[in-house]
Amino acid sequence: MKPPPMALPQPVPVGERYLLIRRLAVGGVADIFLARQSATAGFEKDVVIKRLRPELRSNSRAVRMFLEEARIGALLNHPNVVHVYDVDVADGAPYIAMEYIVGGELGTLCRRGLAQKKFLPLEHAVELMRQAAAGLGYLHAKRSTDGQALQICHRDLSPNNLLVTEDGFLKIIDFGIAKTWRSDAAADRVLPGKLGYLSPEQVARTAVDQRTDIFSLGVVLYEITLGRRLFKGPAHEVVRMIREHVVEPPTFVRRSYPPALEEIVMRALSPAPARRYQSAYDLADDLEQFLQDAKLSSGPVRIARYLDELAHAEGGSRRPELVLSLIHI
């Protein structure tokens, strides 16, 4: 369980430019802090500092993986991918400075909706997955400055690594276990990623490529459009279900589920990579086309309004700029 955000007794300097203000989370590898960046002429900016945990700073493998995450993140510049601003070492601790996202995890958002009987509307779920697929397409197609394909695979897509901003944008975060397609999956001593979102090839410890991320995103798409987990249970049972492709088609779960969307979901979830979407951009295109054909309207502003209504249902105040005004003529 993640500890709650906690203000520090006093700001803690990191390097020459950052002050840690509040701990946001503690992970297995790094501590996450809200920090303030200061510069000349009164410039200030809130950022997130991800700092390697003290007990891992002498572990060469942990340091190498942490710096690889920073290297990959620094190469990326897309509206649906978290921005990395800086990487450095201060007092022997490697750290990454990145974009501070005002929002929350997709999984948390769905649970809040369930609790308030205002579950994420279908059109918004599809739009958020369209944004995620667009970010993935960019990630998978990224090339170096000399034109060489970087062949990056995230390998850990789940509702916890997809953040929704208060303004209705989705951001892919956490490249801690991202690797190139050619990486030796069998070398991992434990299965990387969150078990219920792994692809069949990850579970089998065979080579992965961009299509493994597409499978994981298909799991998320299935779950947030149906409001139920796909692969759940004890670890050995989840592994069996993924290997044997125990997937109940969405229309079997809910008769009213749109068949056109089911076709997209089941293609993304194909157990054979060759039968999945070969590009996340193609998945994004099909999700956009589904919204158009179904005459469903979504987008960042509409999603932001839903988030505002959900916060209001929980007892929070409304954002005046998002309240629809009725103009009588």
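Up top you'll find the structure we're talking about.
This section reports on the structure supplied with the text. Please read all numbers here as calculations on a predicted model, not as lab measurements.

The subject of this paragraph is the nonpolar core. Among the nonpolar cores identified, the biggest contains 77 residues, and Leu106, Leu120, Met129, Leu162 and Phe231 are the most heavily contacted of them. Leaving out residues up to four positions away in the same chain, leucine 120 has contacts with Leu106, Leu109, Cys110, Ala125, Leu128, Ile224 and Tyr306. One finds Val14, Tyr18, Val47 and Tyr95 within the second-largest nonpolar core, a separate group that totals 11 residues.

The subject of this paragraph is the pattern of salt bridges. Going through the model one piece at a time under the given rule, you end up with 20 salt bridges. With a closest N to O distance of 2.7 Å, aspartate 31 and arginine 53 form a salt bridge. Here aspartate 31 is found in strand 3 (residues 30-38), whereas its partner arginine 53 is found in the loop between strand 4 (44-52) and helix 1 (60-75), with 22 residues between them in sequence. Per residue, the accessibility class of aspartate 31 equals that of arginine 53, and both read buried. One salt-bridge network, held together by shared partners, links Asp31, Arg53 and Glu55.

Our next topic: helix 9 (residues 280-293). For helix 9, built from 14 residues, the straight-helix expectation of 20 Å at 1.5 Å per residue is met to within 8% by its first-to-last C-alpha distance of 20 Å. Residues of helix 9 that are buried make contact with helix 3 (122-141), helix 5 (210-226) and helix 8 (259-268). Positive phi shows up at lysine 295, right after helix 9, with a value of about 55°.

Turning next to the packing of helix 2 (residues 106-115) against helix 10 (residues 300-313). Running from amino to carboxyl end, helix 2 crosses helix 10 at an angle of 55°, the nearest separation of the two axes being 10 Å. Relative to helix 10, the element helix 2 is oriented oblique. Our pair here, helix 2 against helix 10, has a crossing hand that is left-handed. Contacts between helix 2 and helix 10 involve Leu109, Arg112 and Gly113 from the first element and Tyr306, Leu307, Leu310 and Ala311 from the second. Taken together, the residues of the contact of helix 2 with helix 10 break down into five nonpolar, one polar and one charged.

So, about the side chain of threonine 212. Among the structural elements, threonine 212 can be located in helix 5. Only 2.3 Å separates the side chain of threonine 212 from the side chain of serine 199, close enough to count as a polar contact.

What follows concerns the sheet that holds strand 10 (residues 170-172). Strand order in the open sheet formed by three strands is 7-9-10, with antiparallel pairing between adjacent strands. Edge positions in the sheet fall to strand 7 (103-105) and strand 10, since each has one partner strand and no second. Averaged over all pairs of adjacent strands, the angle between their axes in this sheet comes to 30°, without regard to strand direction. Note that strand 7 and strand 9 (residues 162-165) share three bridges and pair antiparallel.

Sheet analysis places strand 5 (residues 84-90) next to strand 6 (residues 93-99), joined by six bridges and oriented antiparallel. Bridge pairing in strand 6 links alanine 90 to alanine 93. Taking the residues that link successive antiparallel strands as the turn, the strand 5-strand 6 hairpin has two residues, and the phi of aspartate 91 there is positive, at about 55°.

Another aspect to go through is the environment of glycine 28. Note that glycine 28 resides in the loop between strand 2 (18-26) and strand 3. Given a relative accessible area of 67%, glycine 28 falls into the exposed group. Note: C-alpha distance between glycine 28 and arginine 53 (25 residues apart in sequence) is 8.0 Å. Among all residues touching glycine 28, those that are not within four sequence positions of it are Arg53 and Leu56.

Now for the packing of aromatic side chains. By convention here, two paired aromatic rings are described through the distance between centres and the angle between planes. For the structure on display, the rule yields two aromatic pairs. Residues tyrosine 18 and tyrosine 95 carry aromatic rings whose centres are separated by 5.9 Å and whose planes lie at 80° to one another, so their mutual orientation is edge-to-face. On the criterion of sequence distance, the pair formed by tyrosine 18 in strand 2 and tyrosine 95 in strand 6 is long-range, its members being 77 residues apart. Here tyrosine 18 matches tyrosine 95 in class, with each residue buried. Between phenylalanine 215 and phenylalanine 231, the aromatic rings sit 6.5 Å apart at their centres with planes inclined by 10°, giving stacked as the arrangement. In this pair, phenylalanine 215 sits in helix 5 while phenylalanine 231 sits in the loop between helix 5 and helix 6 (235-243), placing the two residues 16 residues apart along the sequence. Of the two residues examined, phenylalanine 215 and phenylalanine 231, each falls in the buried class.

Criteria and cut-off values
Residues numbered from 1 in each chain as written. Predicted model: local features only at pLDDT ≥ 70, side-chain atom pairs only at ≥ 80, totals over all residues. Heavy atoms only, no water. Core = buried A, V, L, I, M, F, W, Y, C linked by side-chain atoms within 4.5 Å. Buried < 20%, exposed > 50% of the residue type's maximum accessible area, 1.4 Å probe, protein only. Contact = heavy atoms within 4.5 Å. Salt bridge = Lys/Arg side-chain N within 4 Å of Asp/Glu carboxyl O. Helix = DSSP H or I, 4+ residues; strand = E, 2+ residues; numbered from the N terminus. Expected span 1.5 Å × (residues − 1). Axes fitted to C-alpha atoms, helices over the stretch in contact; angles between N-to-C directions. Parallel < 35°, antiparallel > 145°, perpendicular 65-115°, else oblique. Left-handed = near helix turned anticlockwise from the far one by under 90°. Nonpolar A, V, L, I, M, F, W, Y, C, P; charged D, E, K, R; others polar. Polar contact = N/O pair within 3.5 Å; in protein donor to acceptor, adjacent residues only side chain to side chain. Pairing = 2+ DSSP bridges. Phe/Tyr/Trp six-rings, centres within 6.5 Å; stacked < 30°, edge-to-face > 60°.

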